[in-house]
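The residues making up each chain are set out below.
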4 protein chains.
Amino acid sequence: MGTLWGGRYTEAPDELLWEFNASLRFDKRLAQVDVRGSIAYAKALGRAGILNEDEVHILLRGLEQIAREFSQGSFAFAPTDEDIHTAVERRLHELIGPVAGKLHTGRSRNDQVATDIRLYLLEVLDELAQSLRAVQSSIIAKAEEHLSVIMPGYTHLQPAQPVRFSHWLLSFFWMFQRDLERLQDLRKRTSLCPLGAGALAGNAYGIDREALARELGFTGVTENSMDAVSDRDMVLETLSWAAILGVHLSRLAEDLILWSSAEFGFVQLAERFTTGSSLMPQKRNPDSMELVRAKAGRLIGNLVQLLTVIKGLPSTYDKDLQEDKEPLFDTLDTLKMTLPITAQVIATLQVNQEAMQNALDEAMLATDLADYLVRKGIPFREAHHLVGQVVLLSEQKGLPLSKLPLEELQRISPAFGPDLYDTLHFEASVEARNVIGGTALSAVKKQLQRARMLLQGK
Amino acid sequence: MGTLWGGRYTEAPDELLWEFNASLRFDKRLAQVDVRGSIAYAKALGRAGILNEDEVHILLRGLEQIAREFSQGSFAFAPTDEDIHTAVERRLHELIGPVAGKLHTGRSRNDQVATDIRLYLLEVLDELAQSLRAVQSSIIAKAEEHLSVIMPGYTHLQPAQPVRFSHWLLSFFWMFQRDLERLQDLRKRTSLCPLGAGALAGNAYGIDREALARELGFTGVTENSMDAVSDRDMVLETLSWAAILGVHLSRLAEDLILWSSAEFGFVQLAERFTTGSSLMPQKRNPDSMELVRAKAGRLIGNLVQLLTVIKGLPSTYDKDLQEDKEPLFDTLDTLKMTLPITAQVIATLQVNQEAMQNALDEAMLATDLADYLVRKGIPFREAHHLVGQVVLLSEQKGLPLSKLPLEELQRISPAFGPDLYDTLHFEASVEARNVIGGTALSAVKKQLQRARMLLQGK
Amino acid sequence: MGTLWGGRYTEAPDELLWEFNASLRFDKRLAQVDVRGSIAYAKALGRAGILNEDEVHILLRGLEQIAREFSQGSFAFAPTDEDIHTAVERRLHELIGPVAGKLHTGRSRNDQVATDIRLYLLEVLDELAQSLRAVQSSIIAKAEEHLSVIMPGYTHLQPAQPVRFSHWLLSFFWMFQRDLERLQDLRKRTSLCPLGAGALAGNAYGIDREALARELGFTGVTENSMDAVSDRDMVLETLSWAAILGVHLSRLAEDLILWSSAEFGFVQLAERFTTGSSLMPQKRNPDSMELVRAKAGRLIGNLVQLLTVIKGLPSTYDKDLQEDKEPLFDTLDTLKMTLPITAQVIATLQVNQEAMQNALDEAMLATDLADYLVRKGIPFREAHHLVGQVVLLSEQKGLPLSKLPLEELQRISPAFGPDLYDTLHFEASVEARNVIGGTALSAVKKQLQRARMLLQGK
Amino acid sequence: MGTLWGGRYTEAPDELLWEFNASLRFDKRLAQVDVRGSIAYAKALGRAGILNEDEVHILLRGLEQIAREFSQGSFAFAPTDEDIHTAVERRLHELIGPVAGKLHTGRSRNDQVATDIRLYLLEVLDELAQSLRAVQSSIIAKAEEHLSVIMPGYTHLQPAQPVRFSHWLLSFFWMFQRDLERLQDLRKRTSLCPLGAGALAGNAYGIDREALARELGFTGVTENSMDAVSDRDMVLETLSWAAILGVHLSRLAEDLILWSSAEFGFVQLAERFTTGSSLMPQKRNPDSMELVRAKAGRLIGNLVQLLTVIKGLPSTYDKDLQEDKEPLFDTLDTLKMTLPITAQVIATLQVNQEAMQNALDEAMLATDLADYLVRKGIPFREAHHLVGQVVLLSEQKGLPLSKLPLEELQRISPAFGPDLYDTLHFEASVEARNVIGGTALSAVKKQLQRARMLLQGK
């Protein structure tokens, strides 16, 4: 049967071009959605009176057979199959004869592939939403377990103020929550059916596009045929979404890599999420998290690739758009693996409370000391400056804040009284921050509650 | 007064570091929102009982004076102003004395700048939404004007099927409509108030964060202080959004550049949106559209910059995040200029109907001829193949399809009858595609109506 | 045998992690160079007295057998093979028993894989240099064929000045020449042997690294073991090089796509480098060139991926570096296909001299008219302005420049005399530009000569 | 005087377009090189007999006056100055009258700006080479100072093997050395003069391009006028070079940030290269290094921007190319500041030898223990496995390797003898690796010597 387009041709395509041009290698994963689209289209042609009932019946029988062959892995591709659409049509012809040639009536590969991508994407997005929720779920569980653990909070990787371990971990819940919301938003825009847009100008056979869209589970139809065949916004938006999600994952990975270093020692990855060295017998490397961190680069690269491909293209379909699939599939596959790994690494993470406690240094209570002075009526900016001098004194003397004698402190500010030592407790510090989103136990518990409700879709 | 953080320091910062570190050069545009945030924060400290009524009153008086100075352009920056926050606090101290030092109570530059960015972004996003609607509006107006103009539709930049000029132009309406929807989606996530997150651990002064958020016009508050100070998702999402929008604009620009070439000649840009050559006296170059096309590169570059900066950062605030502002501002400024230019280029575009008509070639009706055979009962795939041979014949004979003698056509397929010539009209071809989103006049009119309703926010 | 690193482990790696971590899927293409490196390393251990002659002999026998198995495609991978290095070591053990365990003495996968990448890259770079020269060669041949063809030269895609077709085509020769030079430059930096750097600290067995480098065909050794195991500059530089080359190819593709449009019609791609449409029987699309254009996006994306992965990594080897291979291989594979396609498309290109001639418009001679006035003593800037008025007149009258009556021209400038019409010839225009790199026949011939010499490596 | 191109125009450019199009804002930094190029071009026109001696003299006088005005900061730009070329030509006209109009004879802004960019770039590249050498010089000095300091070497941020601090620091010397070599390579390709290429077709006035190139200090001329006006490879190559250099700097920054954390504590940045917090009085943040790390994102973004802009452009000059300057200038400015900061941070770095010593853990000698077994005749792979068990034992017992009783070790392998304890010294470990590029003192000294020679250009 050869190509779908050879009628006016006098020469066969160059072999190198054939290989360059063929997309079967990567678009075969669209097999099932392609058949699903064809089944719906056959019915639509029937409803429009273009095919009679028998023809529709024969087509459906053939297509369902092909779907089974794909499910069972028994579908045999031919070397002449240019892409998944050609492969299906070729097989259909083998199975049901010339009626197969009626399926493409008024349909172009341009609207067909646009439909396939959307159907496929909708499926995978739902799967990824589940995986993302599983990560959130492991965060909530681990946070609940360690509510009382206090650890150093850092800014600029320098000790800043004490925080709860759970509060730190939950900070990632909210990143992933935004990722989930973005996912829902882009899903809306993906769920529009382009079938019936033809090559670029629409369908001349009066098919009912809205019925067709409903049949395929879309929530609506695209509104302009020229836009419909070249719109890859849902892919670009998915790649952007994934890049931002990847950046979130890379930050979590970075924290876990740092904290499982010998020097921090705050957490330990489960042995089965680490690997060793071929040379150094003692090594236990956090490869899982290093790869998660690195995957952000891949996700960003895929986004750049497609933005660059589409930039400046003349409108409607250009062959350049065929380059949309590989970055999309690579991004989806990357997340399919990265998210479950992340969920399990969190779930199996060992938290070393003692190391965290040992890392708490009283200099991290300097802000609390400034707050103390503020309560004594000193403007914050001045209090900050005075406490700066206290810290310098503490460094010079090599003494923690709580060991500095009162008279020395009073030389810096007479406002210091003996009650100042009461503020120099890590627990007091985290409890003092009891606004929404703060580190106090009550605040973190409310945060957890809101997180749990969101996870349950409330 | 010096820096806001010098208390414990014994050395002044290195001059080179000062310049490297200082952000005033670019963050001064946050002046008004910074003051707005400080006014709300002063009130919140008052409501929480941290400041008394007099202090609040004095602070507000000072801050309002500063706001006026910014409006009037009379605010004088000092060489020691590290950033806009320092500049405002320094000036406040000059105006109202030591009470100024109370404004920062419990607030860090980390939550302050996060609030500023969001307030600023919300303003500009609304402005850009207006500009985007203006582009859509110019599309609708121009499309209505030229409903009857038929032109070649291209795929792969090769003549494909005839379409209406209005249909082509409206294809961009839908791209921009998706951009608008994405803008609304990201606006939701931007409209959350981080103030009260402190440096990373929350606020120890019991301020009412929800009231504070309402005061500033936010729709809610952020839920985790550690996330709040380092969340730049709203920036990343804006940059992604802008990159996709930029790609849409680049495609429109590409079409207009191609079509205003001597060889196409379909449109002419208004003279005042072109420029000439310093060497070649005859030139009239579409510089406006070339720059619009190129801006996509800049928008993509800005996105890559920030994704790369944030990837792999340890959690909470790192100084790296200061690099968020320049790409954000550059992207917003680029769109502020690109969108109005685009709207005006469309509004003033001359459409050369005659050139479009001349470019219509009967080979573009080959699909209609195949449709003719389908109606005679021939499966589409076979019809496609037969018409391919007709096209080849037409090329070999150097005759348009409608001039090929019937007997020769019948040699290719006996299904051809004398009525075939009726299908070989461009008007008939566009009218045949009358499904939703198709090229028929009725379909394009419905499309226009939906577009108009969406533009009016219905 | 399991992993190479399991001694201290009590748990097996998680299955998901195993899949996430394993690199065999893509690094198996390093098989031959990996064996080559091992053969040289075995000899080096022999020379250093670490292995005796027999052991070296046995190892070489085993490794050569493995090399044969790879050549013949008979090598059987095991499900437990984590990467190509593990696979080879596992097979070696099967073939020669415990002596296999001596091969890794003092070697780490870190220096091993760094060596493999460089060996592989050197091979492929040489192959790509050949392909690039083949593109240049097809340019020279085609340029020689059409030396006398004059066509419109464009700036801003607007007709600018007449040029020779050969001159246009040769402009790409120089882009590719720079690409070739860059290739030679990066080759130098690739040709340094890291073997002996161990995991990060060097080799404790006194092997002669310089002899080892010579044995493997490197020109030198790396100078610091910590740098050596994590240096991926040769990959980054290759990806940069490829991105720039890809941009050049995309510009050539763009020109050919535009010029094979119906409206330009200047060239025609050989039928076998075009494809048709599944819906529209008349189509002949320049898919080959559209894909070449799009590949630039992929090459840029790959570069961004790796830059982003490596940015901010702690020094020496991190697992993130494993993500270097896929973008590298994808880039190399892309060029391996794109360059030969391009060479053949050029070689088989049909040049439509008549269409080019028809597109020459006398307005393109405006600069020549200005030059005429300059020769009459009028400053160029004024001449440019006067000719601008002449062009306007010609447009308003609808007459070509050569048909404007002398008296009307003299009303614009009395300097115009009857000899002005002599300058209004396209041939005269291209011949006037006879400096190095200009359009005159003598200049283009000299250019061709230089190009030919460079291609021959002179 | 208005624009340089207005002759045929009947309308003034739109104000918005004017602003969109004007490049003076950023190209004014090309002022001096633009004047330099014009001086050389005036002389070339004189040599070619196009201008007489007097005219050349007058032009030079005017241009030199303008150069002085730029030097003194007294040059007054006019609101109608579109770009730096227009500004200079406008001022020249004011200074010397109509002769000014002769300067542009046969020159276009296309070849003019291409020349300006190259001249400017050559200057800045030389300046950056100096800055890069200064970084290398500070590395060498600091490495020499601390030759005897041994510290943990990491892979995967897990303790791997002991290394010398100097060896670690020198690893960056070699990265920067490659950057310097790449800089020299790209300099060659930048040093070609495009002047005489005109708008695209060459120069019709017979100027001697080679003499012109020599006059301007170029080493050669460009070979094809169409390539010359749109070649931006030197910019792309500079941006690639800078991105790779930026990645190197980011890795150094990452190490220094990690090592100046409280938990590592290996180094301390000089106080004047850190900054404090507006809220937390105790903070001393490594802002300088955080910004250096972040700058890599900016450098990568600039590269992506320009690659994307140029990808797929039709050949010769398109206005899109005007977008080359801002990313180029931003990249150059970024490096002009980043490199000196880095040099000074290294020069003033405090090295905390004690903290490094404390962080040395005997598990890092596991490889040495395996080497011990190898010397007893056990194949390395088996030795690795056995030592893995030793490490596990040490962890389970909570004892360092050197405290494990011999009998227990002999239960793991009878090959262990009492001399094994001799290998368990950090000094012994680094000294054992005495090949080129290894950690032994002699090897590091040789490395230093090679580095010093390269720095001196030998």
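Residues numbered from 1 in each chain as written. Chains lettered and ligands numbered in written order. Predicted model: local features only at pLDDT ≥ 70, side-chain atom pairs only at ≥ 80, totals over all residues. Heavy atoms only, no water.

Asker: Is there a simple way to explain the overall build of chain A in this structure?
Answerer: Check the secondary structure of chain A and you find 18 helices and 6 strands. In terms of overall dimensions, chain A is more spread out than a globule: its C-alpha atoms have a radius of gyration of 31 Å, far above the 23 Å expected for 458 residues. Dimensions of chain A, computed from the C-alpha atoms along their principal axes, are close to 100 × 55 × 40 Å. The burial tally for chain A puts 71% of its 458 residues in the buried class. Considering only residue pairs separated by 6 or more positions, chain A has 75% of its internal contacts joining residues 24 or more positions apart. If the 49 positive side-chain charges of chain A are averaged to one point and the 60 negative ones to another, these points end up 4 Å apart. (Helix = DSSP H or I, 4+ residues; strand = E, 2+ residues; numbered from the N terminus. Rg over C-alpha atoms; globule rule 2.2 N^0.38 Å. Buried < 20%, exposed > 50% of the residue type's maximum accessible area, 1.4 Å probe, protein only. Contact = heavy atoms within 4.5 Å. Lys, Arg positive; Asp, Glu negative; His and termini not counted. Charge placed at Lys NZ, Arg CZ, Asp CG, Glu CD.)

Asker: It is not clear to me how unusual backbone geometry should be interpreted in this structure. Could you clarify?
Answerer: In most cases, non-glycine residues show a negative phi, while peptide bonds are predominantly trans. In this structure, A:Thr316 is a non-glycine residue whose phi angle is positive, near 65°. Its location among the elements puts A:Thr316 in the loop between α11 (287-310) and α12 (325-347). At B:Leu157, a position not held by glycine, the phi torsion is positive, near 60°.

Asker: Quick question: what am I supposed to make of the environment of A:Ser74 here?
Answerer: All names here are of chain A. Topologically, Ser-74 is positioned in the loop between α4 (53-72) and α5 (84-96). Classification of Ser-74 by relative accessible area gives partly exposed; the value is 42%. Each C-alpha atom of the pair Ser-74 and Leu-121 lies 24 Å from the other, and the pair is 47 residues apart in sequence.

Asker: Looking at this model, I keep getting lost on the interface of chain C and chain D. Mind explaining?
Answerer: It is common to give the size of an interface as the accessible area that goes away when the parts come together. In this assembly, 111 residues from chain C lie in contact with 111 residues from chain D. Between chain C and chain D, roughly 9,100 Å² of surface is buried when both sides are summed, and carbon and sulfur atoms account for 59% of that area. Of all residues in chain C, C:Glu223, C:Arg251 and C:Arg381 bury the most surface against chain D, accounting for 9% of the area lost on that side. Counting the contacts that link chain C with chain D gives 22 salt bridges. (Buried area = accessible area lost by both parts, 1.4 Å probe. Salt bridge = Lys/Arg side-chain N within 4 Å of Asp/Glu carboxyl O.)

Asker: Could you clarify how one ought to interpret the pattern of salt bridges in this entry?
Answerer: If the charged atoms of two oppositely charged side chains come close together, the side chains can form a pair. Residue and element names in this part refer to chain B. Tallied over the entire structure, the rule returns 194 salt bridges over all chains. Residue Glu-144 pairs with Arg-452 through a salt bridge whose shortest N-O separation is 2.4 Å. Residue Glu-144 is found in helix α6 (residues 109-145), and its partner Arg-452 is found in helix α19 (residues 441-455); the two are separated by 308 residues along the sequence. The exposure class of Arg-452 is partly exposed, given its relative accessible area of 30%.

Asker: Even after reading the chapter, I still don't get the confidence of the model for chain A, so can you show me in this structure?
Answerer: In regions of low pLDDT, the predicted coordinates are not meant to be interpreted in detail. Averaged over every residue, the pLDDT of chain A is 96; the share at 70 or more is 100%. For this predicted complex, the interface confidence comes out at an ipTM of 0.97, alongside a pTM of 0.98. (pLDDT = per-residue confidence, 0-100.)

Asker: Quick question: what am I supposed to make of the domain arrangement of chain A here?
Answerer: Residues and elements named next belong to chain A. Under the domain assignment used here, chain A contains domain 1 (15-105), domain 2 (118-154 + 162-198 + 223-358) and domain 3 (359-455). For domain 1 and domain 2, the distance between their C-alpha centroids amounts to 35 Å. Contacts between the two partners involve 12 residues from domain 1, matched on the other side by 10 residues from domain 2. Summed over both sides, the interface between domain 1 and domain 2 buries roughly 1,100 Å², with carbon and sulfur atoms accounting for 60% of that surface. (Domains from an automatic or database assignment.)

Asker: What exactly am I supposed to notice about the side chain of A:Asp27 here?
Answerer: Residues and elements named next belong to chain A. The topology assignment puts Asp-27 in helix α2 (residues 24-27). Of the buried charged residues, Asp-27 lacks a salt bridge, with Lys-325 as the closest side chain of opposite charge at 5.9 Å. The contact partners of Asp-27, leaving out residues within four places of it in the chain, are Asp-83, Ile-84, Lys-325 and Phe-329.

Asker: Help me out: how do you make sense of the interface of chain D and chain A in this one?
Answerer: In this complex, chain D contributes 45 residues to the contact, which on the side of chain A involves 45 residues. Between chain D and chain A the total buried area reaches about 3,600 Å² when both faces are included, carbon and sulfur atoms providing 56% of it. Here chain D and chain A share 0 salt bridges between them. Across the chain D-chain A interface, the total number found is 22 residue pairs in polar contact (both at pLDDT 80 or more). Considering each element in turn, the side of chain D that touches chain A owes the most residues, 6 residues, to helix α15 (residues 380-397) of chain D. (Polar contact = N/O pair within 3.5 Å; in protein donor to acceptor, adjacent residues only side chain to side chain.)

Asker: Is there a simple way to explain the packing of aromatic side chains in this structure?
Answerer: For any pair of aromatic rings, geometry is given as the distance between the ring centres together with the angle between the planes. All chains considered together, the criterion is met by 50 aromatic pairs over all chains. Where C:Phe165 meets C:Trp168, the ring centres are 5.5 Å apart and the plane angle is 45°; that geometry is what we call tilted. You can see C:Phe165 and its partner C:Trp168 sitting in helix α7 (residues 165-190), 3 residues apart, about one turn around the helix. We classify C:Phe165 as buried; its relative accessible area is 0%. Residue C:Trp168 is classed as buried on the basis of its relative accessible area of 1%. Directly above the ring of B:Phe77 sits B:Lys28, whose terminal nitrogen or CZ lies 5.0 Å from the centroid. (Phe/Tyr/Trp six-rings, centres within 6.5 Å; stacked < 30°, edge-to-face > 60°. Lys NZ or Arg CZ within 6 Å of the ring centre and 35° of its normal.)

Asker: When you look at the relation of the copies chain C and chain D in this model, what are you seeing that I'm missing?
Answerer: To go from the first copy of the chain to the second, apply a rotation about an axis and then a shift along the same axis. Take chain C, turn it by 180°, move it 0.0 Å along the axis, and it overlays chain D with an RMSD of 0.0 Å. Taken together, the rotation and translation relating the two chain copies correspond to the operation of a two-fold axis. For chain C, the residue whose C-alpha comes nearest the rotation axis is C:Ser240, separated from it by 3.1 Å. Taken together, the interface assignments show that 100% of the residues at the interface of chain C recur at the interface of chain D, consistent with an identical surface on both copies. (Least-squares fit on C-alpha atoms with pLDDT ≥ 70 in both.)

Asker: Is there a simple way to think about the packing of α4(A) against α5(A) in this case?
Answerer: Two quantities define a packed helix pair, namely the angle between the helix axes and the distance between the axes. Residue and element names in this part refer to chain A. Contact pair α4 / α5: the axes reach a minimum separation of 9 Å and the direction vectors enclose 120°. The angle between α4 and α5 places the two elements in the oblique class. You can see that α4 and α5 cross each other, and the crossing is right-handed. Within the contact between the two elements, α4 uses Ile-58, Leu-59, Gly-62, Leu-63, Gln-65, Ile-66, Glu-69 and Phe-70 and α5 uses Ile-84, Val-88, Arg-91, Leu-92, Leu-95 and Ile-96. Per-class residue counts for the contact of α4 with α5 are 10 nonpolar, 2 polar and 2 charged. (Axes fitted to C-alpha atoms, helices over the stretch in contact; angles between N-to-C directions. Parallel < 35°, antiparallel > 145°, perpendicular 65-115°, else oblique. Left-handed = near helix turned anticlockwise from the far one by under 90°. Nonpolar A, V, L, I, M, F, W, Y, C, P; charged D, E, K, R; others polar.)

Asker: Quick question: what am I supposed to make of α6(B) here?
Answerer: Side chains that are three or four residues apart share a direction in an α-helix, a result of its 3.6 residues per turn. With 37 residues, α6(B) should reach 54 Å at 1.5 Å per residue; the first-to-last C-alpha distance of 54 Å fits that figure. For α6(B), the capping residue at the N-terminal end is B:Ser108, with a side-chain oxygen 2.9 Å from the backbone nitrogen of B:Asn110. (Expected span 1.5 Å × (residues − 1).)

Asker: Would you mind going over the pairing of strand β1 (residues 150-155) of chain D with me for this structure?
Answerer: Remark: a regular strand shows side chains that alternate across the two faces of the sheet. All names here are of chain D. With 6 of its 6 residues buried, β1 lies for the most part within the structure. For β1 and strand β2 (residues 158-164), the ladder comprises 6 bridges, and the chain directions are antiparallel. If you follow Thr-155 over to β2, its bridge partner there is Gln-158. Here β1 folds back onto β2 in antiparallel fashion, the turn holding 2 residues, of which His-156 has a positive phi close to 55°. (Pairing = 2+ DSSP bridges.)

Asker: What should I look at first to understand helix α7 (residues 165-190) of chain B in this one?
Answerer: Look at α7(B): 38 Å from first C-alpha to last across 26 residues, which is about the 38 Å you get at 1.5 Å a residue. The element α7(B) is largely enclosed, with a buried count of 22 among its 26 residues.

Asker: I keep staring at the environment of D:Gly265 and nothing clicks. Help me out?
Answerer: By the element assignment, D:Gly265 lies in the loop between α10 (233-259) and β5 (267-268). Between the C-alpha atoms of D:Gly265 and D:Leu369, which are 104 residues apart in sequence, the distance is 28 Å.

Asker: Which parts of the structure should I look at to understand the side chain of A:Thr105?
Answerer: Mapped onto the elements, A:Thr105 comes out in the loop between α5 and α6 (109-145). In this structure the side chain of A:Thr105 is engaged in a polar contact, spanning 2.4 Å, whose partner is the backbone oxygen of A:Lys102.

Asker: Would you mind going over the packing of α6(B) against α7(B) with me for this structure?
Answerer: Residues and elements named next belong to chain B. The N-to-C vectors of α6 and α7 enclose an angle of 165°; their axes lie 9 Å apart at closest approach. Here α7 runs roughly antiparallel to α6, going by the angle between their axes. The two elements α6 and α7 meet at a crossing, and its hand is left-handed.

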